[in-house]
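# Secondary and tertiary structure notes
Now for the letters of each chain:
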Amino acid sequence: QDDAYRSLHRIAAIRASGRGNLGVHVLVAGEEGTVCSWDELPGGIRDMEVVLPGLVVTTFPTASHSIHNTARVGFVDLITEIARGIA
């Protein structure tokens, strides 16, 4: 988690410098299967949204930790939209 959080701060710094506007997506599994916390400090989902405004958070309420295996259609649809620049 520490590496990911540091990376998020680095992306935020790059955005703030005007050198890039990389889209960043966070995919969150359902409450039963997630390893993510919405409110943990530092590093919870809400904290990540504060660190990196414009962060795109997509929830998969019925998915377990392995979103690509347990919510395959929604996962593929999202990745397709991201690749096409829609999301």
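These lines cover the structure that appears in this document, whether it is placed above or below.

About the thresholds
Residues numbered from 1 in each chain as written. Predicted model: local features only at pLDDT ≥ 70, side-chain atom pairs only at ≥ 80, totals over all residues. Heavy atoms only, no water. Helix = DSSP H or I, 4+ residues; strand = E, 2+ residues; numbered from the N terminus. Buried < 20%, exposed > 50% of the residue type's maximum accessible area, 1.4 Å probe, protein only. Contact = heavy atoms within 4.5 Å. Salt bridge = Lys/Arg side-chain N within 4 Å of Asp/Glu carboxyl O. 1 Å grid on protein atoms, 1.4 Å probe; cavity = no way out; pocket = protein on both sides within 12 Å on 5 of 7 lines; lining within 4 Å. Points joined across faces, edges and corners; volume = space filled by probe spheres on them. Nonpolar A, V, L, I, M, F, W, Y, C, P; charged D, E, K, R; others polar.

A separate point is the overall build of the protein chain. Counting secondary structure elements, the protein chain contains 4 helices and 2 strands. In the protein chain, the succession of α and β elements from N to C terminus is α-β-α-β-α-α. Within the span of the protein chain, comprising 87 residues, buried residues form 28% of the whole. Intrachain contacts of the protein chain at a sequence separation of at least 6 include 54% that bridge at least 24 residues.

With the rule as written, the count across this model stands at 2 salt bridges. In this structure, the salt-bridge partner of D3 is R6, at a minimum N-O distance of 2.4 Å. Pair noted here: D3 and R6 are both in helix α1 (residues 2-16), with a separation of 3 residues, about one helical turn. The exposure classification of D3 matches that of R6, with both residues exposed. Here R46 and D39 are joined by a salt bridge, their closest N and O atoms 2.8 Å apart.

Here the largest pocket is characterised by a volume of approximately 310 Å³. Looking at the largest pocket, it is lined by 17 residues, and the ones nearest its centre are A4, V26, G43, I45 and M48. Those elements that place two or more of their residues in the lining of the largest pocket are α1, β1 (25-29) and α2 (45-51). When residues of the lining of the largest pocket are assigned to their parent elements, the largest contribution, 4 residues, is made by α1. Of the residues contributing to the lining of the largest pocket, the split by class is 11 nonpolar, 5 polar and 1 charged.

Leaving glycine aside, a negative phi is the common case for residues, and trans is the common case for peptide bonds. The step from L41 to P42 runs through a cis peptide bond, and the omega angle for that step is -10°. Structurally, P42 can be placed in the loop between β1 and α2.

Now for the environment of R15. With respect to the helices and strands, R15 occurs in helix α1. On the basis of relative accessibility, which here comes to 18%, the residue R15 falls in the buried class. Through-space distance from the C-alpha of R15 to that of P53 is 9.8 Å; in sequence the pair is 38 residues apart. R15 has contacts with G20, N21, L22, G23, V24, L52, P53 and G54, leaving out every residue within four places of it along the chain.

Purely geometric numbers; function is a separate question.
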